[in-house]
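A closer look at the structure
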Amino acid sequence: MQVVRTRAELRAVLVAATRPVGLVPTMGWLHAGHVSLVDRARAESATVVVSIFVNPRQFGQSADFARYPRNEARDLAMCEAAGVDVVFAPSVDEVYPPGFDTRVSVGAIAGPLEGAARPGHFDGVATVVAILFALVGAERAYFGLKDYQQVQVIRRMATDLALPTEVVACETVREPDGLAMSSRNARLTPDGRAAAPVLRRALLAGAARVRAGERSGAAVRDVMLAVLAEEPAATPDYVSVANPDTLAELDAVAGQALLSLAALIDEVRLIDNERVL
Ligand code: AMP
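A brief report on the enclosed structure follows. Everything numeric in this text was worked out from a predicted model, so none of it was measured.

Okay, the overall build of the chain next. Secondary structure summary: the chain contains 11 helices and nine strands in total. In terms of overall size, the chain behaves like a compact globule, its C-alpha atoms giving a radius of gyration of 19 Å where 277 residues would be expected to give roughly 19 Å. Seen through its C-alpha atoms, the chain measures out along the principal axes to roughly 55 × 40 × 40 Å. Taking all 277 residues of the chain together, the buried fraction comes to 52%. Relative to all contacts within the chain whose residues are 6 or more apart in sequence, the contacts with residues 24 or more apart total 73%. Counting every atom, the chain has about 12000 Å² of accessible surface; 53% of that belongs to carbon and sulfur.

Before going further, it helps to spend a moment on helix α8 (residues 148–160). Spanning 13 residues, α8 covers 19 Å between terminal C-alpha atoms, matching the ideal 18 Å at 1.5 Å per step. Considered for burial, the residues of α8 that qualify are Tyr 148, Gln 149, Gln 150, Val 151, Gln 152, Val 153, Ile 154, Met 157 and Ala 158. Phi turns positive, to about 55 degrees, at Ala 162, one or two residues after α8.

Further remarks concern unusual backbone geometry. For the peptide bond that leads from Arg 19 to Pro 20, omega is 5 degrees, which places it in the cis range. Even without being glycine, Trp 29 reaches a positive phi, approximately 50 degrees. Positionally, Trp 29 belongs in the loop between β2 (21–26) and α2 (32–44). With relative accessibility at 23%, the residue Trp 29 sits in the partly exposed group.

A few words on the site of the ligand. Taken together, 17 residues are adjacent to the ligand, and Met 27, His 34, Asp 147, Val 173 and Met 181 come closest. A distance of 2.6 Å separates an oxygen atom of the ligand from a polar side-chain atom of Asp 147. Of all the elements in the fold, those that place two or more residues in the shell around the ligand are β2, α2 and β5 (140–144). With three residues, α2 is the single largest residue contributor to the shell around the ligand.

A word on the sheet that holds strand β4 (residues 86–88). Think of a sheet as strands paired side by side through backbone hydrogen bonds, with each pair either parallel or antiparallel. Spatial ordering of the open sheet is given by β1-β4-β3-β2-β5-β6, a layout of six strands whose pairing is parallel. Sheet topology places β1 (2–4) and β6 (166–170) at the edges, where each strand pairs with a single neighbour. Within the sheet, the average angular offset between the axes of one strand and its neighbour, ignoring direction, is 25 degrees. Pairing of β5 with β6 involves five bridges; the strand directions are parallel. In the sheet register, Arg 140 faces β6, and the bridge partner there is Glu 166. Strands β2, β3 (47–52), β4, β5 and β6 of the sheet are contacted by helix α7 (residues 121–136), whose axis makes an angle of about 150 degrees with β2.

The next thing to look at is the packing of aromatic side chains. In this description, an aromatic ring pair is defined by two values, namely the gap between the centres and the angle between the planes. Summed over all chains, the structure comprises five aromatic pairs. For the pair Phe 53 and Tyr 96, a centre-to-centre distance of 6.2 Å together with 55 degrees between the ring planes defines the contact as tilted. Placement of the pair is Phe 53 in the loop between β3 and α3 (62–67) and Tyr 96 in the loop between α5 (92–95) and α6 (114–117), with a sequence separation of 43 residues. Neither residue differs from the other here; Phe 53 and Tyr 96 are each classed as buried. Here Tyr 96 and Phe 100 contribute two aromatic rings whose centre-to-centre distance is 4.9 Å and whose plane-to-plane angle is 75 degrees, an arrangement assigned as edge-to-face. An aromatic cluster is defined as three or more aromatic residues linked by ring pairs; in this entry it consists of Phe 53, Tyr 96 and Phe 100. Sitting over the face of the ring of Phe 65, Arg 70 holds its NZ or CZ atom 4.8 Å from the ring centroid. The cationic tip of Arg 74 hangs over the ring face of Trp 29; the distance from NZ or CZ to the ring centre is 4.9 Å.

Here α7 crosses α8 at 55 degrees, and the two axes come no closer than 10 Å. The angle between α7 and α8 places the two elements in the oblique class. For α7 against α8, the interelement crossing comes out right-handed. The segment α7 lies against α8, with Phe 122, Val 125, Ala 126, Val 129, Ala 130 and Phe 133 engaging Gln 149, Gln 150, Val 153, Ile 154, Met 157 and Ala 158.

For the coordinates displayed, the defined rule picks out one cavity of 30 Å³ or more. Empty space within the largest cavity amounts to approximately 60 Å³. Lining the largest cavity are Val 24, Thr 26, Leu 30, His 34, Val 35, Val 38, Val 50, Met 78, Cys 79 and Ala 82. Mapped by element, the contributors of at least two residues to the lining of the largest cavity are β2, α2 and α4 (72–81). Looking at which element gives the most residues to the lining of the largest cavity, the answer is α2, with three residues. Tallied by class, residues from the lining of the largest cavity come to eight nonpolar, two polar and no charged.

What counts and how
- Residues numbered from 1 in each chain as written.
- Predicted model: local features only at pLDDT ≥ 70, side-chain atom pairs only at ≥ 80, totals over all residues.
- Heavy atoms only, no water.
- Helix = DSSP H or I, 4+ residues; strand = E, 2+ residues; numbered from the N terminus.
- Rg over C-alpha atoms; globule rule 2.2 N^0.38 Å.
- Buried < 20%, exposed > 50% of the residue type's maximum accessible area, 1.4 Å probe, protein only.
- Contact = heavy atoms within 4.5 Å.
- Areas by Shrake-Rupley, 256 points an atom, 1.4 Å probe, with all protein chains shown as cover.
- Expected span 1.5 Å × (residues − 1).
- Near = heavy atom within 4 Å.
- Polar contact = N/O pair within 3.5 Å; in protein donor to acceptor, adjacent residues only side chain to side chain.
- Pairing = 2+ DSSP bridges.
- Axes fitted to C-alpha atoms, helices over the stretch in contact; angles between N-to-C directions.
- Phe/Tyr/Trp six-rings, centres within 6.5 Å; stacked < 30°, edge-to-face > 60°.
- Lys NZ or Arg CZ within 6 Å of the ring centre and 35° of its normal.
- Parallel < 35°, antiparallel > 145°, perpendicular 65-115°, else oblique.
- Left-handed = near helix turned anticlockwise from the far one by under 90°.
- 1 Å grid on protein atoms, 1.4 Å probe; cavity = no way out; pocket = protein on both sides within 12 Å on 5 of 7 lines; lining within 4 Å.
- Points joined across faces, edges and corners; volume = space filled by probe spheres on them.
- Nonpolar A, V, L, I, M, F, W, Y, C, P; charged D, E, K, R; others polar.

Listed below in structure tokens is the structure:
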């Protein structure tokens, strides 16, 4: 496994790479969710590239960026064990060199949900992913559906900008108690960790209500809020029942719906989602 830190080193390594190339962008503190993306990339690619970069441009408050967990030695060992060929672990200045002054801003699909809760977040995501796509030139790039809206935003960007990298969406990997794996889970206290599966319970309760025939979006949102309210450690940010393609909120569930929510536990912002019908 080669570890490269500059744009130039990455380009040099990839000139000789056997194709197809699969890219897995991450912010490090790797867990089994990331490894599932690597496994999928490994199965479909001759060369697997993982990027490890905590992207300051996608964090609103610098405190959240500073608190993001980091452990490169552990991440590199996990990449090695997972059969990664190249790790790109650049500095902030390498990704955004002096004079950097471009922003990729995706439209309507980036507006609601995480986009509304975290202004500027998806501009940061789209910009860094555009840079990674350009640098790596992968045939495919792998993203997790835990960040459902992020997948939609990146797909829109890749289509609109005619980027030749295919966006592959992978299912969410969960802890045995249902909590979606996330690097942020490491920041939960033991009590917060014990409380965190309430997100999943709320989504499953909402999904069960839809499957039982409920068609009112408001009623399904109320079910999710009621479950979240059972857990005093959790402060809801939003609950949503939306069209999975447009992410517009649904008054009436008539085809597929995306149930999603965000909640704060121990001041850690956790998200999850579930698709129904
Ligand atoms: P992150 O390091 O949190 O930016 O995540 C890097 C990639 O891994 C993103 O595409 C995430 O959606 C994906 N990912 C994060 N957590 C999970 C999970 N529990 N299951 C599957 N993919 C995940």
